[in-house]
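# Chain and residue survey
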Amino acid sequence: MTLDLRGYQPRHPTLYQLAADGESLDFVFAQCPACGHLAFPADAPGCSHCGDPMKEAARITRPGAGTLLEFVTLHVPLLPGMQVPRIAADIRLGEDGPIEEGVMVTTDESQLRVGMPLRAVAHPLPEGEVFDCRFVPATEAQR
Ligand SMILES: [Zn+2]
């Protein structure tokens, strides 16, 4: 089921990009030039840590990873074309990063535990050579 997505384009290139392994995702952060804090998303209006406007912030990528905080299975599409069922999750990025909403690859809640580490992977979209971000338990990371 592994698909090498090199050559595909990220649906949200300001948020993530394909990692060197052709499957995992790196997240794109902006590093505050004043305090060094990593902001996500990278186009956030200013540093949430020190308030610097971050006009000169460097873009930095880090392996897409986080902690599962909570999750719920959606059975009704919230948007036209949304595939259901799907498991939507609240995920804390990194060690102490922001909490973002993500979508799990699995649709089986029994595979998930609150507090488990997750990693981000590329998920091909039906409309062509484009991928979106999905999450899997980090224990599936090593092949
Ligand atoms: Zn700052």
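In the annotation of an unreviewed UniProt entry, the entry for the protein reads Putative OB-fold protein, and the organism field reads Pseudacidovorax intermedius.

Metal coordination angles in their ideal form are 109.5 degrees for the four-donor tetrahedron and 90 or 180 degrees for the six-donor octahedron. Summarising the metal site, the zinc ion is bound by the protein donors C32 (SG), C35 (SG), C47 (SG) and C50 (SG), whose distances to it range over 2.3 Å. With four donor atoms in place around the zinc ion and angles of 106 to 113° between them, the coordination shape is tetrahedral. Spacing between the donor residues of the zinc ion along their common chain follows C-x2-C-x11-C-x2-C. Judged by its relative accessible area of 3%, C32 is buried.

Evaluation of the coordinates by the stated rule reveals four aromatic pairs. With centroids separated by 6.1 Å and ring planes inclined at 40°, the aromatic side chains of Y16 and F131 adopt a geometry described as tilted. Here Y16 is found in strand β2 (residues 16-18), whereas its partner F131 is found in strand β10 (residues 130-137), with 115 residues between them in sequence. Overall, the relative accessible area of 3% leaves Y16 in the buried class.

Scanning the model with the defined rule gives three salt bridges in all. D132 is the salt-bridge partner of R11, the closest N and O atoms lying 3.6 Å from each other. Taken together, the residues R11 in the loop between β1 (9-10) and β2 and D132 in strand β10 connect sequence positions 121 residues apart. Since its relative accessible area comes to 43%, R11 is described here as partly exposed.

Conventions and cut-offs
- Residues numbered from 1 in each chain as written.
- Predicted model: local features only at pLDDT ≥ 70, side-chain atom pairs only at ≥ 80, totals over all residues.
- Heavy atoms only, no water.
- Donors = N, O, S within 2.8 Å, 3.2 Å for Na, K, Ca; no water.
- Tetrahedral: all angles 85-135°; square planar, octahedral: opposite > 155°, others 65-115°.
- Buried < 20%, exposed > 50% of the residue type's maximum accessible area, 1.4 Å probe, protein only.
- Phe/Tyr/Trp six-rings, centres within 6.5 Å; stacked < 30°, edge-to-face > 60°.
- Helix = DSSP H or I, 4+ residues; strand = E, 2+ residues; numbered from the N terminus.
- Salt bridge = Lys/Arg side-chain N within 4 Å of Asp/Glu carboxyl O.

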